[in-house]
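# A structural walkthrough
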Amino acid sequence: MLYIGFDVGGTGVQVGVVNEKGEILCKGNMVTRTDIPVADQIKAMADCALETLGRSGYGLNDVKSLGAGLPGVVDPRTGHVAFCPNLGWKDVDFAGEMRKHIDKPVYMDNDATVAGLAENVAGVSAGAHSSVFLTLGTGVGGGIVIGGKVWSGFHGVGSEIGHMIIEMDGNPCNCGNRGCLERYCSATAIILAARAAVNQYQDSAIMAKCEGDPMKINAKMVFDAAKEGDELGLKLFNEYVKALSTTIVNIIHFLDPEVIALGGGVSKAGDFLLDALRKEVAHLVMYKTMPYARIELAKLGPDAGIIGAAMLGL
Ligand SMILES: [Zn+2]
């Protein structure tokens, strides 16, 4: 059987026809239309899915279910999308609307959660007993998979790992709290820390990379400077590793998953980041003689959203 997955973002929707191994057979996409009523947005998504399915050479009889990864929260009591700020959705009966156009079971979950599921089906944690996926991008998202099933919590608001508080009274977060992990482990956090420090390090390689304009600093510039041995680059990198390894150790002590997978833009630092994290986690982990979670880089990249959404129906 085949599964249709929607990766719904604030600017675009990616659609894929996926087989049970998590392989994408055919892809389509459309621009996210927040300027039209929600029912029309969902109809446009259904049309895009049917067009993509047609191109794949298969028909609706071959499709078992539809799934959507959404930048928001699904209320398990109603099955409605409780809210998606980027799409302007509030209490939307996504499944009910979608079934008016395609009469198949419809599943939904948070975008980071479905990306974690994708890695657990077809990526770095394929077949693992349990895995925690962290997206290290503009923010930090989390996806927990246990026994092949996503864990979103009893009320649907679990796995918000980015808003785990790792510093009491720490840096203010967009969510209203202080000291959230996202304020230390996102690309945004790296950029803000570099901007705040770079004026005291005029000779830093970061200053050269941003051509003297701190507003042009990105996370890659900071980590590249660290790789070159630059003093400020290394200071910021080491602070980052400390925050992320603390998080990873918290996850290990709390949940003891088989795999912790890292995705998102910051994870592109690759082995440079991974080696430093593994070393620090080995120091911090409590049961030093016991095996603990493998820490790996996610491998599905941007397709993880489509694959994981489709695999919600597995
Ligand atoms: Zn927060």
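Structure: see above.
Residues numbered from 1 in each chain as written. Predicted model: local features only at pLDDT ≥ 70, side-chain atom pairs only at ≥ 80, totals over all residues. Heavy atoms only, no water.

Attention now moves to the sheet that holds strand β5 (residues 73-74). Overall, antiparallel pairing links the 3 strands, which are arranged β5-β6-β7 in an open sheet. Every other strand in the sheet has two partners, leaving β5 and β7 (89-92) as the edge strands with one partner each. Strand direction decides the pairing type here: β5 and strand β6 (residues 81-84), joined by 2 bridges, are antiparallel. In the sheet register, valine 73 faces β6, and the bridge partner there is phenylalanine 83. (Pairing = 2+ DSSP bridges. Helix = DSSP H or I, 4+ residues; strand = E, 2+ residues; numbered from the N terminus.)

Moving on, we get to the sheet that holds strand β10 (residues 140-146). Pairing in this open sheet of 5 strands is mixed, and the strands run β11-β10-β9-β12-β13 from one edge to the other. Each edge of the sheet is formed by a strand with only one pairing partner; in this case those strands are β11 (149-150) and β13 (294-297). Pairing between strand β12 (residues 259-263) and β13: 4 bridges, direction parallel. The residue of β13 that forms the bridge with isoleucine 260 is isoleucine 295. Set on the sheet, helix α3 (residues 111-122) makes contact with β9 (130-136), β10 and β11; between it and β10 the angle comes to about 50°. The strands touched by helix α9 (residues 271-284) are β12 and β13; relative to β13, the strand with the most contacts, the crossing angle is about 165°. (Contact = heavy atoms within 4.5 Å. Axes fitted to C-alpha atoms, helices over the stretch in contact; angles between N-to-C directions.)

A few words now on the coordination of the zinc ion. Each protein donor to the zinc ion is listed here as His163 (ND1), Cys173 (SG), Cys175 (SG) and Cys180 (SG); together their distances run 2.0 to 2.4 Å. In this structure, the zinc ion is surrounded by 4 donor atoms whose angles at the metal cover 105 to 118°, and the resulting shape is tetrahedral. Here the donor residues for the zinc ion map to a single chain with the spacing H-x9-C-x1-C-x4-C. Residue histidine 163 is found in the loop between β11 and α4 (182-185), and its partner cysteine 175 is found in the loop between β11 and α4; the two are separated by 12 residues along the sequence. Using a relative accessible area of 27% as the deciding quantity, one classes histidine 163 as partly exposed. (Donors = N, O, S within 2.8 Å, 3.2 Å for Na, K, Ca; no water. Tetrahedral: all angles 85-135°; square planar, octahedral: opposite > 155°, others 65-115°. Buried < 20%, exposed > 50% of the residue type's maximum accessible area, 1.4 Å probe, protein only.)

Let us now look at empty space enclosed by the protein. Scanning the entire structure with this criterion turns up 1 cavity of 30 Å³ or more. Taken as a whole, the largest cavity spans an internal volume of roughly 50 Å³. As for the largest cavity, its lining consists of Val8, Val13, Met30, Thr32, Arg33, Gln41, Met45 and Trp89. Of the residues assigned to the lining of the largest cavity, the class counts are 5 nonpolar, 2 polar and 1 charged. (1 Å grid on protein atoms, 1.4 Å probe; cavity = no way out; pocket = protein on both sides within 12 Å on 5 of 7 lines; lining within 4 Å. Points joined across faces, edges and corners; volume = space filled by probe spheres on them. Nonpolar A, V, L, I, M, F, W, Y, C, P; charged D, E, K, R; others polar.)

Here the structure, examined in full by the defined rule, presents 4 aromatic pairs. Measuring from centroid to centroid gives 4.4 Å for phenylalanine 237 and phenylalanine 272, while their planes differ by 25°, and the two rings are stacked. Placement of the pair is phenylalanine 237 in helix α8 (residues 231-255) and phenylalanine 272 in helix α9, with a sequence separation of 35 residues. (Phe/Tyr/Trp six-rings, centres within 6.5 Å; stacked < 30°, edge-to-face > 60°.)

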